[in-house]
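A closer look at the structure
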Amino acid sequence: MARKPLKFTTAFGVTVMVLGVLLEFGAFFYHAGSMVSAETVFTGAIMLTIGHAFFGIENLFLSLLLTLFSSIGIGYFVLVQTSSWLWTVIAAIAFFAFIVALFGFRSSIAKNTVCGNLISTDAT
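Scope of this entry: the structure provided in the associated data block. (Residues numbered from 1 in each chain as written. Predicted model: local features only at pLDDT ≥ 70, side-chain atom pairs only at ≥ 80, totals over all residues. Heavy atoms only, no water.)

1. Topic: the overall build of the chain
- Across its full length, the chain holds 6 helices and 0 strands.
- The linear arrangement of helices and strands in the chain, starting from the amino end, is α-α-α-α-α-α.
- Of the roughly 8400 Å² of accessible surface on the chain, a fraction of 71% belongs to carbon and sulfur atoms. (Helix = DSSP H or I, 4+ residues; strand = E, 2+ residues; numbered from the N terminus. Areas by Shrake-Rupley, 256 points an atom, 1.4 Å probe, with all protein chains shown as cover.)

This is the structure in structure tokens:
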């Protein structure tokens, strides 16, 4: 069985995802609650999302997990900026919903749920 050559988008996606995760994890523990920490977590969350888009993970659970991790990073940034839990929750949910809609996870979620036939938009 012959191996396929590694594509640039795959290599770029993996590299950016690894850097994003390292930035997010590292910044959570480096001066937690400071603006530097929040900005670094925000940068890591955006890098993780961009890497996820380039890599194109087929596993729905892993995709949603990475999106959740990015949303938590966005929420942390908003919490440090505003010191308001309400805006933190709203921003995290809005970012998660935006990424789910942007990446087209909705159809995968509908197919993989127990009541997928009720949610699905197929006419068949």
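2. Examining helix α2 (residues 35–55)
- An ideal rise of 1.5 Å per residue puts 30 Å on 21 residues; α2 measures up with 30 Å between its terminal C-alpha atoms.
- Two residues or fewer after α2 comes G56, characterised by a positive phi angle close to 65 degrees. (Expected span 1.5 Å × (residues − 1).)

3. What about the environment of H52?
- If you trace the backbone, H52 turns up in helix α2.
- The spacing of H52 and T10 is 42 residues in sequence and 9.6 Å in space, taken between C-alpha atoms.

4. With respect to the environment of I46
- Along the polypeptide, I46 turns up in helix α2.
- For the pair I46 and V16, spaced 30 residues apart in sequence, the C-alpha to C-alpha distance is 9.7 Å.
- If we skip the residues at most four places from it in the chain, I46 touches I74 and F95. (Contact = heavy atoms within 4.5 Å.)

5. Focus: the nonpolar core
- Residues A27, A38, V41, Y76, F77 and V80 constitute the largest nonpolar core, which totals 6 residues.
- Of all the secondary-structure elements, those providing two or more residues to this core are α2 and α3 (60–82).
- Ranked by the residues each element gives to this core, the list is headed by α3, at 3 residues.
- Formed by 5 residues, the second largest nonpolar core is a distinct cluster that contains M17, L48, L66 and F69. (Core = buried A, V, L, I, M, F, W, Y, C linked by side-chain atoms within 4.5 Å. Buried < 20%, exposed > 50% of the residue type's maximum accessible area, 1.4 Å probe, protein only.)

6. As for helix α4 (residues 85–103)
- If you check α4, its first and last C-alpha atoms are 27 Å apart, about what 19 residues at 1.5 Å a residue would give, namely 27 Å.
- Looking only at α4, the buried set comprises T88, A91, A92, F95, I99 and V100. What you see down the axis of α4 is that its buried residues fit within an arc of 160 degrees, all on one side. The exposed residues of α4 that point more than 90 degrees off its buried face are L86, W87, I93, F98 and A101.
- In the segment just after α4, G104 is the residue with positive phi, at about 75 degrees. (Arc of directions from axis to C-beta.)

7. Thoughts on unusual backbone geometry
- With a phi close to 50 degrees, H31 is a non-glycine residue in the positive phi region.
- Take H31: it is sitting in the loop between α1 (8–29) and α2.
- Residue classification places H31 among the exposed positions, given a relative accessible area of 51%.
- Backbone geometry places S83, a non-glycine residue, at a positive phi of 55 degrees.
- Residue position: S83 is located in the loop between α3 and α4.

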